[in-house]
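# Per-entry structural report
Listed below are the residues making up each chain.
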Amino acid sequence: MTQTSSANSPQTTVKVLSEALPYIQKFSGKTLVIKYGGNAMTEDDLIDSFCRDIVLLKEVGINPVVVHGGGPQIGELLERLKIESRFVNGMRVTDSETMDVVQMVLGGLVNKEIVTQINLAGGKAIGLTGKDGQLIKARKLKVKHKTPEMTAPEIIDIGHVGEVESVDVELIEMLANRDFIPVIAPIGVDAKGASYNINADLVAGKVAEALQAEKLILLTNVAGLQDKQGQVLTGLSTAQVDALIEDGTIYGGMLPKINCALEAVKAGVHTAHIIDGRVPHATLLEIFTNAGVGTLITNHS
């Protein structure tokens, strides 16, 4: 007789389902906006686990909305096309030629691959960019750059890099109500029809705000927000996060992501989560288990 390991035993499966039940009941009918990128979008096993997670969420009555990035894929194609990449304050300078590549990669290759994988997992995904149905109205991002010797910051034009002016949720809500899973590429358009590449975290945050989502989930390449000793912090109020920024615990590359989460929660999103996308089934672990796998931020003390 074959012995079943304790980790894979029927008892363990039932215990996991039992633990998940209260969360399924709590979040049924609610909207979750999930930013998908990094390692979770480039490693086959993580792609599979993410897509299965999204389908399972939909199957239990939760409405997931996926916003994806694609920086590494854009860089790879630019390199193959021998188009030089330049960065200012961590943002890619995007001229018209580069913007064409951005739209091909984000709105085409990456978006349709995610849609395909979700559909293969049994879901009904539809790919969008912010240009579809006037979903994301954008404006040019003004980048300020200042060095110690400068008396005032200079404004640098980095091309077709934008920020979100407004989000029209009508198309998203229509799709969700018809049991589709929207998959959104972070490309917006301005009043004159110019296209803009927008940071996917920022798009996810603004989409979550516009939908008044239950949760904003940002998949990252780190375990979550950490204190100065490297311990992951969770269950934080917005006031506590503001204090951590003030005392220098949060700095550098984590700041934009944290600010995005903070803004969303302060604007009415119930909770924001920064979780480790390198962990298989990270989304389900964060939503349906007591322990979670990342940092939770709420507007409640």
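Please read all numbers here as calculations on a predicted model, not as lab measurements.

In this section: the pattern of salt bridges. Applying the stated rule across the entire model yields 10 salt bridges. Between Asp-157 and Lys-140 there is a salt bridge; the shortest N-O distance is 3.2 Å. Of this pair, Asp-157 sits in the loop between strand S8 (154–156) and strand S9 (162–167) while Lys-140 sits in strand S6 (residues 136–140), and the two are 17 residues apart along the sequence. Each member of the salt-bridge network shares a partner with another, and the members are Lys-35, Asp-201 and Lys-257.

The positions UniProt marks with the feature "site: Transition state stabilizer" (unreviewed entry) are Lys-35 and Lys-257. For this annotated set, covering 223 residues, all C-alpha atoms fall within 10.9 Å of each other, a compact arrangement in space. Filtering the just-named annotated residues for those lining the largest pocket gives Lys-35 and Lys-257. Considering the arrangement of structural elements, one finds Lys-35 in strand S1 (residues 31–36). A residue is classified by how much of its surface remains accessible, and Lys-35, at 10% relative accessible area, is buried.

Among the nonpolar cores identified, the biggest contains 42 residues, and Val-33, Ile-184, Val-207, Leu-216, Leu-225 and Ile-258 are the most heavily contacted of them. Of all the elements, helix H8 (residues 254–266) adds the most residues to this core, at 7 residues. In contact with Val-33, other than residues within four places in its own chain, are Val-65, Val-67, Ala-204, Val-207, Ala-208, Leu-211, Ala-213, Lys-215, Leu-216 and Ile-217. Ranked by size, the runner-up nonpolar core spans 41 residues in total, among them Tyr-36, Leu-77, Val-102 and Val-115.

Here the focus is the layout of surface pockets. When its volume is computed, the largest pocket comes out at roughly 1,400 Å³. Along the walls of the largest pocket sit 42 residues, with Gly-90, Met-91, Asn-199, Ala-200 and Asp-201 positioned nearest its centre. Elements with a minimum of two residues in the lining of the largest pocket: helix H3 (71–80), strand S4 (91–92), S9, helix H6 (200–211), strand S13 (215–220) and H8. Split by residue class, the lining of the largest pocket holds 18 nonpolar, 15 polar and 9 charged. By volume, the second largest pocket is sized at about 390 Å³. What lines the second largest pocket is a set of 15 residues, and nearest its centre among them are Val-16, Asp-53, Leu-56, Leu-284 and Phe-288. Contributions of two or more residues to the lining of the second largest pocket are made by helix H1 (10–27), helix H2 (44–59) and helix H9 (282–288). Grouping the constituent residues of the lining of the second largest pocket by class yields 10 nonpolar, 2 polar and 3 charged.

The grouping of Glu-43, Asp-44, Asp-45 and Asp-48 at the surface amounts to a negative patch. Turning to its location among the elements, Asp-44 is positioned in helix H2.

Take Asn-197: it is sitting in strand S12 (residues 195–197). Owing to a relative accessible area of 14%, Asn-197 belongs among the buried residues under this scheme. Apart from residues no more than four positions distant in its own chain, Asn-197 is found in contact with Thr-94, Met-99, Val-102, Leu-106, His-160, Val-161, Gly-162 and Pro-186.

Moving on, we get to the environment of Arg-86. Tracing the backbone shows Arg-86 in the loop between H3 and strand S3 (87–88). For Arg-86 and Ile-158, which are 72 residues apart along the polypeptide, the C-alpha to C-alpha distance reads 9.3 Å. Once you skip the residues sitting within four places of it in the chain, Arg-86 turns out to touch Met-91, Arg-92 and Val-93.

UniProt records the feature "binding site: substrate" (unreviewed entry) for Gly-70, Gly-71, Arg-92 and Asn-197 in the present numbering. Across 128 residues of sequence, these annotated residues stay compact in space, with a maximum C-alpha separation of 12.2 Å. Of the residues annotated just before, the largest pocket has Gly-70, Gly-71, Arg-92 and Asn-197 among its lining. Mapped onto the elements, Gly-71 comes out in helix H3. By the element assignment, Arg-92 lies in strand S4. Judged by its relative accessible area of 13%, Arg-92 falls in the buried class. Dropping the residues within four chain positions of it, Arg-92 is found in contact with Gly-71, Ile-74, Gly-75, Leu-78, Ser-85, Arg-86, Phe-87, Thr-98, Ile-158 and Val-161. A distance of 3.3 Å separates a polar atom in the side chain of Arg-92 from the backbone oxygen of Gly-71.

What follows deals with the packing of aromatic side chains. Remark: the centre distance and the inter-plane angle together describe each pair of aromatic rings, the angle taken between the planes. With the rule as written, the count across this model stands at 1 aromatic pair. With 3.7 Å between their ring centres and 5 degrees between their planes, Tyr-36 and Phe-50 make a pair best called stacked. Residue Tyr-36 is located in strand S1, and its partner Phe-50 is located in helix H2; the two are separated by 14 residues in the primary sequence. Grouping residues by exposure puts Tyr-36 and Phe-50 together as buried. In this arrangement the basic side chain of Lys-124 is found over the ring face of Phe-180, its NZ or CZ atom lying 4.5 Å from the centre.

Rules and cut-offs
Residues numbered from 1 in each chain as written. Predicted model: local features only at pLDDT ≥ 70, side-chain atom pairs only at ≥ 80, totals over all residues. Heavy atoms only, no water. Salt bridge = Lys/Arg side-chain N within 4 Å of Asp/Glu carboxyl O. Helix = DSSP H or I, 4+ residues; strand = E, 2+ residues; numbered from the N terminus. UniProt positions renumbered as here; feature names shortened; annotations may be inferred. 1 Å grid on protein atoms, 1.4 Å probe; cavity = no way out; pocket = protein on both sides within 12 Å on 5 of 7 lines; lining within 4 Å. Buried < 20%, exposed > 50% of the residue type's maximum accessible area, 1.4 Å probe, protein only. Core = buried A, V, L, I, M, F, W, Y, C linked by side-chain atoms within 4.5 Å. Contact = heavy atoms within 4.5 Å. Points joined across faces, edges and corners; volume = space filled by probe spheres on them. Nonpolar A, V, L, I, M, F, W, Y, C, P; charged D, E, K, R; others polar. Patch = residues over 30% accessible without salt bridge, like charges linked within 9 Å, V, L, I, M, F, W, Y side chains within 5 Å. Areas by Shrake-Rupley, 256 points an atom, 1.4 Å probe, with all protein chains shown as cover. Lys, Arg positive; Asp, Glu negative; His and termini not counted. Charge placed at Lys NZ, Arg CZ, Asp CG, Glu CD. Polar contact = N/O pair within 3.5 Å; in protein donor to acceptor, adjacent residues only side chain to side chain. Phe/Tyr/Trp six-rings, centres within 6.5 Å; stacked < 30°, edge-to-face > 60°. Lys NZ or Arg CZ within 6 Å of the ring centre and 35° of its normal.

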